[in-house]
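Chain by chain, the residues run as shown.
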Amino acid sequence: VFHHNDADGITAAFIIKEKYDNNLHNDEWSRNVTCIPCSYGEKYDINFFKEKTLENFSQDQENIVYMLDYAIQPNNLMLNFWNFLTDKNIKFFWIDHHITAIENIKHYNIPGFQSSAKSGTMNTWYEIMKNNESIPKPPMIVNFINDFDTWNKSSEYSWDKQLYPLCYFVQSLGIDLNDNQNELVQTYLSKVREELSI
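(A) Structural view of the pairing of strand S3 (residues 64-68). Among the five residues in S3, four count as buried, and that is most of the element. As paired elements, strand S1 (residues 2-4) and S3 share two bridges and run parallel to each other. For Phe 2, the partnering residue across the bridge sits in S3 and is Met 67. As paired elements, S3 and strand S4 (residues 91-96) share five bridges and run parallel to each other. Bridge assignment links Ile 64 to a residue of S4, and that residue is Lys 91.

Laid out in structure tokens, this is it:
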């Protein structure tokens, strides 16, 4: 999972991790989800994405790359990366809400879900949690991150007492989602599981 390194991208990545990382649910399993934070303020060579993908390639499992709340810059490199993944028989899903990236890349028809109406986190929730029957109600932390990241000034939540404190707290916990025992992962687990009764 390549994800933006802000609260929105981190939360979106956690949604993928919570659903698919076997090690998160049973520490006797090998991890099968790796989260790689990316910053819009940093320029990455396309080889960064290719090398990270190959480092985590599995010979005996289906390989899927998610890019969440982030798009490789300049945008034509997204097509280059998608072609690389296709050649390796790796599925690619791009979930984003940044309008500039969506407008610049949509003609490539990269698989995934892009909508500027909701945050990357909320787009990820709806895309990953959908099934044939319904989509579970998002946990409150997903709603908080969505309202914060889309600057929803008509939010039902208090900006001063709920949204700002939660988002700044999440950002204070770092960006490492790969250590299942650290405070960031454990905080997300408690917030999501208490609401979903997982």
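(B) Representation of the nonpolar core. Judged by nonpolar contacts, the single largest core of 35 residues is most densely connected at Val 1, Phe 14, Leu 68, Leu 177 and Tyr 188. Elements represented by at least two residues in this core include exactly helix H1 (7-20), S3, helix H6 (120-129), helix H7 (140-149), helix H8 (159-172) and helix H9 (183-196). Leu 68 has contacts with Val 1, Phe 2, His 3, His 4, Ala 12, Ala 13, Ile 16, Ile 95 and Thr 124, leaving out every residue within four places of it along the chain. Grouped together as the second largest cluster of nonpolar side chains are 24 residues, Phe 2, Cys 38, Ala 101 and Ile 110 included.

(C) How the structure looks around the environment of Asn 109. With respect to the secondary-structure elements, Asn 109 resides in the loop between helix H5 (99-105) and strand S5 (112-114). Relative accessible area serves as the criterion here: at 59%, Asn 109 is assigned to the exposed category. Separated by 29 residues in sequence, Asn 109 and Pro 138 have C-alpha atoms that sit 27 Å apart.

(D) The arrangement of the pattern of salt bridges in detail. Counted by the stated rule, this structure contains five salt bridges. One salt bridge connects Lys 17 with Asp 21, and the closest N-O pair in it is separated by 2.9 Å. Judged on exposure class, the residue Lys 17 and its partner Asp 21 are both buried. Linking Lys 106 and Glu 103 is a salt bridge whose minimum nitrogen-to-oxygen distance equals 3.2 Å. According to the relative accessible area criterion, Lys 106 is partly exposed, its value standing at 47%.

Parameters at a glance
Every residue gets a number counted from 1 within its own chain, in the order that chain's sequence is written. It should be noted that, the model being predicted, local features are given only for residues of pLDDT at least 70 and side-chain atom pairs only at 80 or more, the latter also being counted only at that level, while totals for whole chains, interfaces and linings use all residues. Values shown for side chains rest on all heavy atoms present in the structure; no hydrogens or waters enter the calculation. Three labels apply to residues, based on accessible area from a 1.4 Å probe with only protein chains included: buried if under 20% of the type maximum, exposed if over 50%, partly exposed otherwise in between. By the criteria applied, helices consist of DSSP H or I runs no shorter than four residues and strands consist of E runs no shorter than two, each listed in order from the N terminus. Paired strands, in this sense, are two strands between which DSSP finds at least two bridges. Buried Ala, Val, Leu, Ile, Met, Phe, Trp, Tyr and Cys residues form a nonpolar core when they are joined through side-chain atoms within 4.5 Å. We call two residues contacting when some pair of their heavy atoms lies within 4.5 Å. Any carboxyl oxygen of Asp or Glu that lies within 4 Å of a side-chain nitrogen of Lys or Arg is treated as forming a salt bridge with it.

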